[in-house]
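In case you want the letters, here they are:
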Amino acid sequence: MRIAVICYPTYGGSGAVAADVSQRLAERGHEVHVVSYDRPFRLDRQLPNLMLHTVEIGDYPLFRYPPYTLNLANKLIELVHEHGVEVIHSHYAIPHAVAAWQAAEVVRAESGRRVALACTLHGTDITLVGRERGFHALTRFAIQRQDLRTAPSQWLVDETAKHFSESRIQVIPNAVDTDRFRPDPAMPWRRNLAPADHRVITHVSNFRPVKRVEEVVGAFATLRKRMKATLVLVGEGPDLPKAEELARELGVRDDLRLLGLQAPEPVLQASDLFLLPSRSESFGLAALEAMACGVPVLGYHAGGLPEVVEDGISGVLCPEGHDVCLGTLAANLLLDGDRYARMRTAARDRALQFAPEPVVDAYEQALLGLVRT
Ligand code: GMT
């Protein structure tokens, strides 16, 4: 199969999934053309049949806002003509699904050739951005015009049905590379993250409002009253200054470590707990990566997280918005050594159920089904 994969290159779940699936499909012999405006952060394999095409962006002075979607559609048309691309797979609907549809229409009108369209809905394209009035009508149209739609959780399928009148969506969960994300008893980073008598509580994200960083800090401050602990934040984003400000207000600034952009594995391997208090996380790839390292996750009964974290077994879920509950139950867990040890094992076991091979099988079969029809 010859496939073009469109994704965002920036730190975030959709780019990570797109890069991982692209590389694994290429390893299986498919010709994969990744299309983005920069190199996706996890696209690090060199394979002769895996190509990256960056989209050149028009900068004519007349354009106050460069028309990226048009440049992207144009690039896709070129790829179909030059490489015989048979399927365009958009990761994140906006604007990728629209550009893919435009390209397919142009190719069909000019050469009568049919290019199949697939789109993986990831989260905020459905729950937030796609629902904005300025995007909704076109996003709904483009999603409905795809030949295949996938989403990482049943929860996101239901949200799409509710807000975009589209329910023909296959659930294909996120996967985690359990060799790369694995417990490391040596914990080489532990010493540098926090004093030896502290517990290490971690949150990894792009610090957008949807991540509720204030509730990460709130939960940590509750826990901190019961034990010595350090809150380690990995990543960058608009709400990161809020975290620092609130930590200062709550008197825990000295126990906050901001690591910026880092590969998360060594931090997770040195962590005791992972906090993810989003209200509308479609899946929670960051949580799955923590679990693969043997780190129990604390979050809410909200979004797709309960499809990943089993409450009381591989993590703990609180009612939505109750960060005091998160902090209290986190402290209770850490103070109960036996239960905590069982939960570490269960977190890793749960993550093993999201191994890459079956997930890539599901993508491969679904995409091949489009080419064969
Ligand atoms: O930042 C991104 O790349 C996309 C982001 C989003 O805003 O939709 O992440 C989503 O996609 C991931 C991979 O499928 C999921 O694991 C995340 O839960 C999801 N994020 C949200 O739904 C907030």
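Just so it is clear, the model here is predicted, and its values are computed rather than measured.

Asker: Any details on helix α5 (residues 133–144)? Residues and values, ideally.
Answerer: The terminal C-alpha atoms of α5 lie 17 Å apart, and with twelve residues this matches the ideal 16 Å at 1.5 Å per residue to within 8%. Those residues of α5 lying buried are T139, A142 and I143. Down the axis of α5, the smallest arc covering the buried residues is 95°, so these residues share one side. Where the residues of α5 are buried, they touch α3 (96–111), α4 (124–127), β6 (148–151) and α6 (154–164).

Asker: Which residues make up the site of the ligand, and what values do they have?
Answerer: Around the ligand lies a shell of 19 residues, among which S14, H122, T124, N174 and E281 are the nearest. At 2.6 Å from an oxygen atom of the ligand is found a side-chain nitrogen or oxygen belonging to S14. Isolated, the ligand exposes 490 Å² of accessible area, and the fraction of that covered by the protein chains is 95%. Applying the majority rule of atoms within 2 Å of the grid points places the ligand in the largest pocket. For the shell around the ligand, the element with the most residues is helix α1 (residues 13–27), which contributes four residues. Considered class by class, the residues forming the shell around the ligand number five nonpolar, twelve polar and two charged. Formed jointly, the shell around the ligand draws a minimum of three residues from each of two domains, domain 1 (2–175 + 355–372) and domain 2 (190–352).

Asker: I'd like a rundown of the pattern of salt bridges, residues and numbers included.
Answerer: By the definition in use, this model includes 27 salt bridges. Among the ionic pairs, D147 bridges to R114, the shortest N-O distance being 3.8 Å. Separated by 33 residues along the polypeptide, D147 in the loop between α5 and β6 and R114 in the loop between α3 and β5 (116–120) bring together distant segments of the chain. Accessibility expressed as a relative area gives 38% for D147, which makes it partly exposed. Because the salt bridges share partners, they merge into one network encompassing D20, R24, R28, D177, E357, D361 and E364.

Rules used throughout
- Residues numbered from 1 in each chain as written.
- Predicted model: local features only at pLDDT ≥ 70, side-chain atom pairs only at ≥ 80, totals over all residues.
- Heavy atoms only, no water.
- Helix = DSSP H or I, 4+ residues; strand = E, 2+ residues; numbered from the N terminus.
- Expected span 1.5 Å × (residues − 1).
- Buried < 20%, exposed > 50% of the residue type's maximum accessible area, 1.4 Å probe, protein only.
- Arc of directions from axis to C-beta.
- Contact = heavy atoms within 4.5 Å.
- Near = heavy atom within 4 Å.
- Polar contact = N/O pair within 3.5 Å; in protein donor to acceptor, adjacent residues only side chain to side chain.
- Areas by Shrake-Rupley, 256 points an atom, 1.4 Å probe, with all protein chains shown as cover.
- 1 Å grid on protein atoms, 1.4 Å probe; cavity = no way out; pocket = protein on both sides within 12 Å on 5 of 7 lines; lining within 4 Å.
- Sits in = over half its atoms within 2 Å of the grid points.
- Nonpolar A, V, L, I, M, F, W, Y, C, P; charged D, E, K, R; others polar.
- Domains from an automatic or database assignment.
- Salt bridge = Lys/Arg side-chain N within 4 Å of Asp/Glu carboxyl O.

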